[in-house]
Amino acid sequence: GDLSWSSLTPDGNSLLFTSDATGSGDIYKYEIPTQTLTQMTATDSAEMSPRLHANGSMVYTFKNAGGEDLFILENGKQRSLDKADRDQTRPVWANDKVVYFYNEKGEENWDILVTDLTGKRKKLATRVRLPIKGTPALSADKQWIAYGSEDPEKSGSIWFAKLDGSKTVEFKSGLVACGEPALIDANGRILLAFTALPSKGSDWRHLHIQDVTSVLR
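Small disclaimer: the values here were computed from a predicted structure and weren't measured.

Novice: Which parts of the structure should I look at to understand the sheet that holds strand β4 (residues 36-39)?
Specialist: Backbone hydrogen bonds are what pair the strands of a sheet, in a parallel or an antiparallel way. Pairing in this open sheet of four strands is antiparallel, and the strands run β1-β2-β3-β4 from one edge to the other. For this open sheet the edge positions go to β1 (3-8) and β4, each flanked by a neighbour on one side alone. The mean angle between the axes of side-by-side strands here comes to 25°, regardless of whether they run parallel or antiparallel. For β1 and strand β2 (residues 14-19), the ladder comprises four bridges, and the chain directions are antiparallel. Bridging from a neighbouring strand, S4 pairs with T18 of β2.

Novice: What is the right way to look at the sheet that holds strand β7 (residues 67-74) in this model?
Specialist: The four strands are arranged β5-β6-β7-β8 in an open sheet whose pairing can be described as antiparallel. In this open sheet, the two strands that pair with only one neighbour each are β5 (47-52) and β8 (77-82). For this sheet, the mean angle separating the axes of adjacent strands, direction not counted, is 30°. Sheet analysis places β5 next to strand β6 (residues 58-64), joined by four bridges and oriented antiparallel.

Novice: For this particular structure, what's the right way to read the pairing of β6?
Specialist: Regular strands have side chains that alternate between both faces of the sheet. Burial within β6 is extensive, with five of its seven residues counted as buried. The antiparallel hairpin formed by β5 and β6 contains five residues in its connecting segment, where G56 sits at a positive phi of about 100°. Examined bridge by bridge, β6 and β7 share seven bridges and lie antiparallel to one another. Bridge pairing in β7 links F62 to D69. Here β6 hands over to β7 after two residues, with A65 in that stretch at a positive phi of 55°.

Novice: Explanation requested: the environment of T41 in the structure shown.
Specialist: In this structure, T41 sits in the loop between β4 and β5. Residue classification places T41 among the buried positions, given a relative accessible area of 2%. Not counting the four nearest positions on each side in its chain, T41 is found in contact with D26, I27, E47, M58, Y60 and Q78. A polar atom in the side chain of T41 sits 2.8 Å from the side chain of E47.

Novice: Which parts of the structure should I look at to understand the packing of aromatic side chains?
Specialist: The description of an aromatic ring pair rests on the distance of the ring centres and on the angle between the ring planes. Applying the stated criterion across every chain, the model contains four aromatic pairs. On the basis of an interplanar angle of 40° and a centroid distance of 6.2 Å, the ring pair of Y60 and F71 is categorised as tilted. Of this pair, Y60 sits in strand β6 while F71 sits in strand β7; the two residues are eleven residues apart in sequence, bridging distant segments of the chain. A centroid spacing of 4.7 Å and a plane angle of 35° characterise the contact between F62 and F71, whose relative ring orientation is tilted. Taken as a pair, F62 and F71 share a single burial class, namely buried. By way of ring pairs, the aromatic residues Y60, F62 and F71 are connected into one cluster. Cation over ring: K133 sits above W5, and NZ or CZ is 4.5 Å from the ring centre. Cation over ring: K154 sits above W159, and NZ or CZ is 5.6 Å from the ring centre.

Novice: When you look at unusual backbone geometry in this model, what are you seeing that I'm missing?
Specialist: Leaving glycine aside, a negative phi is the common case for residues, and trans is the common case for peptide bonds. A positive phi angle is found at K142, which is not glycine, with a value near 60°. On the secondary structure map, K142 appears in the loop between β13 (137-138) and β14 (144-148). Here K142 falls in the partly exposed class, since its relative accessible area comes to 29%. Positive phi is not limited to glycine here, since E180 has a value of about 55°. Note on E180: relative accessible area 28%, which makes it partly exposed.

Rules and cut-offs
Residues numbered from 1 in each chain as written. Predicted model: local features only at pLDDT ≥ 70, side-chain atom pairs only at ≥ 80, totals over all residues. Heavy atoms only, no water. Pairing = 2+ DSSP bridges. Helix = DSSP H or I, 4+ residues; strand = E, 2+ residues; numbered from the N terminus. Axes fitted to C-alpha atoms, helices over the stretch in contact; angles between N-to-C directions. Buried < 20%, exposed > 50% of the residue type's maximum accessible area, 1.4 Å probe, protein only. Contact = heavy atoms within 4.5 Å. Polar contact = N/O pair within 3.5 Å; in protein donor to acceptor, adjacent residues only side chain to side chain. Phe/Tyr/Trp six-rings, centres within 6.5 Å; stacked < 30°, edge-to-face > 60°. Lys NZ or Arg CZ within 6 Å of the ring centre and 35° of its normal.

Laid out in structure tokens, this is it:
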């Protein structure tokens, strides 16, 4: 079947992914050293975007009545992490919390939220530009989230929000429609990669890399 939503486990020894070979879409784990394949979920609905915590817990999205809800698999048992009236999608671990996209207002109005494992959540950013396939972009120290904005007045910048909700910082790019951010720690420097249009009316997005160490420290 079709394979999608792949992600490496924290130890780098296994690959999680979704396969529709059995119908709707189930999550599998492929252990690279032993070439062993294990089916992690088996339901009549689709499960997507799996991410494994170092403690073995797996967070993912679950298709529910046409929408997407956050679910977690712990000790072989699945449970809802945070039920909502709108889509919750593409979760990623930030230590013992989960960061995800949420379209509370419907349609393509996406926010970024963080929740603990009891479902207590906090909004970090509103009206963000949803990446084509990516999860929320976390810094290596799990302290910052990077995002682009759908607001035309803010779309020329990449924005950074602290996961504790205490601070938001703007990085002005001088470009247009910034999105698809990614962060990495490279020998003590924080590097930001993102795509953007060079000017209004441009047809092609270009990749840019900037040192944002001074912005986030």
